[in-house]
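What the coordinates show
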Amino acid sequence: MKTLATALRQATAVHHRAMEAKIDIAQIVADPQRCQSILASLLGFYEPLEKQLITAANWREWGIQMAARSKTRWLEEDLRTFELSPDAIAALPRCGALPSIDSPAAAIGCAYVLEGATLGGRQITQILKNAGRPPLRFFESYGDAVGENWLAFLRALELFERRGGDVEGACEAAIATFASLSIWIDPCRE
């Protein structure tokens, strides 16, 4: 029997690869301006989405404290290292075409995308270090607790599924989250 985690991974695999191609790690390492632009775009997506996500489900039911998992503060911290003032950060555009989070399934599917990004962030952090660039807080995310937090999220997925959660709805929401993010960070949009 396929687990929810497996279903989500399979449903989003092509979208995940496309996102990795769009956020070109080589450009982040080589071009500080491109790096700042990507961080600004990510803030514009994460901030409004996290505000919705935190209240979209009873996360405690699945053993998760979603508010503690917010990545917005890390993106703001990184943007300040590029000497953006709090006013300049507040003035950055925010995404208005967010995926719909209108059910627990939509919340868990959306969160899967955001939490999964923490795993890739570790690889980006290592690439930055190897290139002699300082690591960025957003990509470091939970630091040494990345694995622990990911396992806790996988347990939340299991609880959601065991309690009759809508697997198909979660997969659709994860795909919609990738689609919305892909449009938002499209270089042609800039």
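Computed from a prediction, not measured in an experiment: that's the story for all the values here.

For the structure on display, the rule yields 8 aromatic pairs. Where Phe 45 meets Tyr 46, the ring centres are 6.4 Å apart and the plane angle is 75 degrees; that geometry is what we call edge-to-face. Classification of Phe 45 as buried rests on a relative accessible area of 0%. The buried category is assigned to Tyr 46, whose relative accessible area is 3%.

So, about empty space enclosed by the protein. Remark: the empty space left among the atoms is shown by a probe the size of a water molecule rolled over them. Throughout the structure, instances matching the rule amount to 1 cavity of 30 Å³ or more. Reported here for the largest cavity is a volume of approximately 50 Å³. In terms of lining, the largest cavity is formed by Glu 50, Leu 53, Ile 54, Met 66, Arg 69, Ser 70, Lys 71, Ala 111, Leu 114 and Glu 115. When residues of the lining of the largest cavity are traced back to their parent elements, those giving at least two are α3 (32-55) and α6 (104-130). Partitioning the lining of the largest cavity into residue classes produces 5 nonpolar, 1 polar and 4 charged.

Quick look at the side chain of Thr 12 now. Its location among the elements puts Thr 12 in helix α1 (residues 4-22). Owing to a relative accessible area of 2%, Thr 12 belongs among the buried residues under this scheme. Those residues within four positions of Thr 12 in sequence are excluded, and the remaining contacts are Tyr 112, Ala 174, Ile 175 and Phe 178.

Formed by 63 residues in total, the largest nonpolar core has its most connected members in Leu 39, Leu 53 and Trp 59. At the level of secondary structure, the elements contributing two or more residues to this core comprise α1, α2 (25-30), α3, α4 (72-81), α6, α7 (137-140), α8 (146-162) and α9 (167-184). In terms of residues, this core owes the most to one element, α6, which gives 11 residues. Not counting the four nearest positions on each side in its chain, Leu 39 is found in contact with Leu 75, Asp 78, Leu 79, Phe 82, Leu 136, Phe 138 and Phe 139.

Here the focus is the pattern of salt bridges. Across all of its chains, the model carries 4 salt bridges by this definition. Notably, a salt bridge pairs Glu 47 with Arg 94, separated by 2.4 Å at the nearest N-O pair. Taken as a pair, Glu 47 in helix α3 and Arg 94 in the loop between α5 (86-90) and α6 lie far apart in primary sequence, 47 residues in all. Relative accessible area serves as the criterion here: at 15%, Glu 47 is assigned to the buried category.

What counts, and at which threshold
Residues numbered from 1 in each chain as written. Predicted model: local features only at pLDDT ≥ 70, side-chain atom pairs only at ≥ 80, totals over all residues. Heavy atoms only, no water. Phe/Tyr/Trp six-rings, centres within 6.5 Å; stacked < 30°, edge-to-face > 60°. Buried < 20%, exposed > 50% of the residue type's maximum accessible area, 1.4 Å probe, protein only. 1 Å grid on protein atoms, 1.4 Å probe; cavity = no way out; pocket = protein on both sides within 12 Å on 5 of 7 lines; lining within 4 Å. Points joined across faces, edges and corners; volume = space filled by probe spheres on them. Helix = DSSP H or I, 4+ residues; strand = E, 2+ residues; numbered from the N terminus. Nonpolar A, V, L, I, M, F, W, Y, C, P; charged D, E, K, R; others polar. Contact = heavy atoms within 4.5 Å. Core = buried A, V, L, I, M, F, W, Y, C linked by side-chain atoms within 4.5 Å. Salt bridge = Lys/Arg side-chain N within 4 Å of Asp/Glu carboxyl O.

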